[in-house]
Amino acid sequence: MTNGKSWKPWALLSPSLSAVFLLLVIPVCFVVVYSFWLRAPSGGDIPAFQWGNYAKFFADFFYPSLLIRTIRVALETVVLCLVMGYVPAYFFYRTESRFKPVLMILIMLPFWISFIIRTLSWINILGDSGLINHLLLKAGLISSPFSMLYNEGAVLMGLLQYLLPFMILNIYVSLDGIDKSLTEAATSLGCTEWQAFREVTLPLSLPGVSAGCLLVFVLTCGTYLPPMILGGPGNDMIANLIFKRIIGTLDWPFGSAISTLLLGLLGVIVYTYNRYLGINQIFKSLR
Amino acid sequence: MLKKEKDPAFVKFRGIVKRFGKVTAVEAMDLDIPEGALVTLLGPSGCGKTTLLRMLAGLESPTHGDIIIKGKRVNDTPIHRRNLGMIFQNYALFPHKTIFDNVAFGLKYRGIPRDVMKDKVLAALEMVRLPGVENRMPSQLSGGQQQRIALARAIVIEPDVLLMDEPLSALDENLREDMRREIDKLQQDLGVTTIFVTHDQREALSMSDKIVVMKDGRVQQEGTPIEVYNNSANHFVADFLGHSNFIGSTVEAPENGRIRVRLDDGSSFLTNPSETFNPGDRADIVIRAQKFAINHRSDQGELAGMNVLSGRIRERNYMGGEVSYYVELANGEVIHVINLVKRNPFRRGDDVTIAVDPENCRLLRELP
């Protein structure tokens, strides 16, 4: 006999499932289909099934090099976010300050302002006539503006301010689930605070660390605003290429092919990550 | 063999005060813990018992006062150098380590060689009667088993003092009794000085060598379970250790080492005073519910020398082995009586007499 209520979870899930299906799965299928189409010299798209768009991507090293740069920048962003995110997350875990809720809201605060505005505002800080140069000039430390924009450093800065909250929150959630008596038990057994951190807190926070890293990596691979606004000509990432092909030259078939490649690559990375870093294993041991 | 003299003050608290901001958790505490004894800190939540334990562990530092272990002041010794075994309410096993690594944890930080470590860990698991689980993860064990592993982890380092913070309160009722006996036996076998924090008077009475009853950061009474139960020093202790009746009375005169008092309803009682009283003083007679014998009013048997009251049963609660009665006296006062079940328990509305030996009528000064 089947459970009479087995339809209920599906009924509850159906609004979000249909939204995901209609707004995500179907468009992605369109993109995959488009990637096999031909582009007529006149500019129109011709339905077809051929691998020309993919061949074009690998024919010129310029395109794969963008993909490689994207992965490199994404890894740099992950490392920076991890180093700069763990410390505040740990602080939130340990603090008993009554200002903790206020500080937590400050972490969320950037989400209330448009990503574009936040990215653009860095021009006012890092630009030739921006805040930093203005102060340095005024203080007489430099005689001409010190160029900080339109390079990879500025792009990383833009990515960091966008992604750091995701990393902090992921690590914090994981840390927050760790019973503080575990550290007390470890120190009572002869560990120093630092040894207890290494033995207990750090390993138990790894699920959050790894979720945060994965999220930051994937989001970096798909973002085009920081390179577009803060980067120079040599700082384009793969999403900028897609943006330029589809929005700039209306070349849907080629743009779709690059999108499909990026999707496939990220899919493989997420799968491998899950499988070999054993995220599920770590979760299991957390009771 | 000459047995080494046990130190009666193996752990000493001297003038301990602990404040959290404006809140005082522990107030002017002086306490000695004898070597090898199991001492219970008993009290309601917020009485400062856990704070006291955490100060001894080194997890909190006292605002004033000294903590001395084995004659050495440890106020400034960090927790990891105090050599204490700590048991937590929620077990606090490391979920990402095997049982072996959990138990071996303290040994690792004491630089014990691997092969010695292995023997010690296996022996400790044997001692808590869980051999063969060393390769499992904590989540694969039940709550009771996890607490036994926590016990093994704490005793394997041969601590000077074993500290237990409500170790049984997360366990089921039946398991709790088994675990309590387990801890009791292990403590006696090892002879390790143990401080046990609990709010459960039955746990405290059944396993302690000494009970320290606390309230509002102060010691109310310390003594053996029998002393604190039979000679409760004040109303709080008498009430906290279970089912006491407080009956208002006026002191009349001493009589053969006892004191005769007049109850508010006019009856006359002989009582067993813990301090001196003058005629005319107001006093409360403290009588535990279990000390009364209940009889039908028509059944006037062996009541010579007993203090007797009569009333009517207003409420009856059957509890299996015993029955709890609430007997209303003529003046409306209600007395709680707990008796073993005899052939036929009394029923609601029965007219009864309740009798109590003067020995079991403690006299305490009336609360202001």
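Since we're looking at a predicted model, the values are computed, not measured.

Observations regarding the overall build of chain A
Now for step 1: Scanning chain A for helices and strands turns up 13 helices and two strands.
Now for step 2: Overall, the C-alpha framework of chain A stretches about 85 × 75 × 30 Å when taken along its three principal axes.
Now for step 3: Considering chain A as a whole, with its 287 residues, one finds that 29% of them fall into the buried category.

Points about the overall build of chain B
Now for step 1: When helices and strands are tallied, chain B shows eight helices and 20 strands.
Now for step 2: In terms of overall dimensions, chain B has a C-alpha envelope of 75 × 50 × 45 Å along the principal axes.
Now for step 3: Among the 368 residues that make up chain B, the fraction classed as buried is 40%.
Now for step 4: Long-range contacts, defined as pairs at least 24 residues apart, comprise 66% of the intrachain contacts of chain B with a sequence gap of at least 6.

A short note on the domain arrangement of chain B
All names here are of chain B.
Now for step 1: Domain boundaries assigned for chain B yield domain 1 (11-239) and domain 2 (243-297 + 305-365).
Now for step 2: Spacing between the C-alpha centres of domain 1 and domain 2 amounts to 38 Å.
Now for step 3: With six residues of domain 1 in contact, the opposing surface of domain 2 contributes seven residues.
Now for step 4: Residue composition of the side of domain 1 that touches domain 2, by class: one nonpolar, four polar and one charged.

Quick word on unusual backbone geometry
Residues and elements named next belong to chain B.
Now for step 1: Its identity is not glycine, yet Ala 28 carries a phi of approximately 45°, on the positive side.
Now for step 2: Mapping Ala 28 onto the fold places it in strand β2 (residues 23-33).
Now for step 3: Unusually for a residue other than glycine, Arg 129 sits at a positive phi of about 55°.
Now for step 4: Considering the arrangement of structural elements, one finds Arg 129 in the loop between α3 (114-127) and α4 (143-155).

What to know about the sheet that holds strand β10 (residues 218-223) of chain B
All names here are of chain B.
Now for step 1: Here we have six strands laid out as an open sheet, ordered β6-β7-β8-β3-β9-β10, and mixed in their pairing. Across the chains shown, the open sheet's two edge strands, defined by having one partner strand only, are β6 (84-87) and β10. In this sheet, adjacent strand axes meet at a mean angle of 15° when their direction is disregarded.
Now for step 2: Two elements, strand β9 (residues 210-215) and β10, share five bridges in a ladder whose sense is antiparallel. Bridge pairing in β10 places Val 212 opposite Glu 222.

Comments concerning the interface of chain A and chain B
Now for step 1: Contacts between the two partners involve 17 residues from chain A and, on the opposite side, 19 residues from chain B.
Now for step 2: The set of elements that each furnish at least two residues to the side of chain A that touches chain B consists of α8 (180-188) and α9 (193-222) of chain A.
Now for step 3: The element contributing the most residues to the side of chain A that touches chain B is α8(A), with six residues.
Now for step 4: Here the residues of the side of chain A that touches chain B sort into eight nonpolar, six polar and three charged.

Let's talk about the sheet that holds strand β17 (residues 322-329) of chain B
Residue and element names in this part refer to chain B.
Now for step 1: Spatial strand order, β15-β19-β16-β17-β18: five strands in an open sheet with antiparallel pairing. Bordering the open sheet on either side are β15 (293-296) and β18 (334-340), each of which pairs with just one other strand. If you compare each strand with its neighbour and ignore which way they point, the axes differ by 45° on average.

Things to note about the pairing of strand β12 (residues 258-263) of chain B
Residues and elements named next belong to chain B.
Now for step 1: One ladder, built from six bridges, connects strand β11 (residues 244-255) with β12; its direction is antiparallel. When the bridges of β12 are listed, Ser 249 appears paired with Leu 263.
Now for step 2: Where β12 folds back onto strand β13 (residues 268-273) in an antiparallel hairpin, the turn is made up of four residues, including Gly 266, whose phi is positive at roughly 100°.

Remarks on the packing of α8(A) against α9(A)
Residues and elements named next belong to chain A.
Now for step 1: Between α8 and α9, the shortest axis-to-axis distance is 9 Å and the interhelical angle comes to 125°. Classified by the interaxial angle, the pair formed by α8 and α9 is oblique. In this structure, α8 crosses over α9, and the sense of that crossing is right-handed. Contacts between α8 and α9 involve Leu 182, Thr 183, Ala 186 and Thr 187 on the former and, on the latter, Glu 193, Ala 196, Glu 199, Val 200 and Thr 201.

Examining the packing of helix α2 (residues 99-108) of chain B against α3(B)
Residue and element names in this part refer to chain B.
Now for step 1: With their axes 10 Å apart at the nearest point, α2 and α3 run at an angle of 120° to one another. Considered as vectors, α2 and α3 are oriented oblique to each other. The element α2 and its partner α3 pack so that their crossing is right-handed. Touching Phe 100, Val 103, Ala 104 and Leu 107 of α2 are Met 117, Lys 120, Val 121, Ala 124 and Leu 125, all from α3.
Now for step 2: Among the residues making up the contact of α2 with α3, the classes are represented as eight nonpolar, no polar and one charged.

Looking at the confidence of the model for chain B
Now for step 1: Taken residue by residue, chain B gives an average pLDDT of 91. The fraction at 70 or more is 98%.
Now for step 2: Scored by ipTM, the complex comes to 0.85, with pTM at 0.83.

Some words on the environment of A:Gly222
Now for step 1: Mapped onto the elements of the fold, A:Gly222 is located in helix α9.
Now for step 2: Measuring from C-alpha to C-alpha, the distance between A:Gly222 and A:Asn240 comes to 9.0 Å, with 18 residues separating the pair along the chain.

Details of α2(B)
Residues and elements named next belong to chain B.
Now for step 1: Counting buried residues along α2, seven of its 10 residues qualify, which places the element largely inside the surrounding structure.
Now for step 2: If you check which residues of α2 are buried, you get Ile 99, Asn 102, Val 103, Ala 104, Phe 105, Gly 106 and Leu 107.
Now for step 3: On its buried side, α2 packs onto α3 and α4.

Side note on the pairing of β18(B)
All names here are of chain B.
Now for step 1: Direction of pairing for β17 relative to β18: antiparallel, over a ladder of seven bridges. Within the sheet, the bridge partner assigned to Glu 322 lies in β18 and is Leu 340.
Now for step 2: Counted along the chain from β17 to the antiparallel partner β18, the turn is four residues long, and its residue Gly 332 has a positive phi close to 90°.

About the criteria used
Residues numbered from 1 in each chain as written. Chains lettered and ligands numbered in written order. Predicted model: local features only at pLDDT ≥ 70, side-chain atom pairs only at ≥ 80, totals over all residues. Helix = DSSP H or I, 4+ residues; strand = E, 2+ residues; numbered from the N terminus. Buried ≥ 20, exposed ≤ 12 C-beta atoms within 10 Å, placed from the backbone. Contact = placed C-beta atoms within 7 Å. Domains from an automatic or database assignment. Nonpolar A, V, L, I, M, F, W, Y, C, P; charged D, E, K, R; others polar. Pairing = 2+ DSSP bridges. Axes fitted to C-alpha atoms, helices over the stretch in contact; angles between N-to-C directions. Parallel < 35°, antiparallel > 145°, perpendicular 65-115°, else oblique. Left-handed = near helix turned anticlockwise from the far one by under 90°. pLDDT = per-residue confidence, 0-100.

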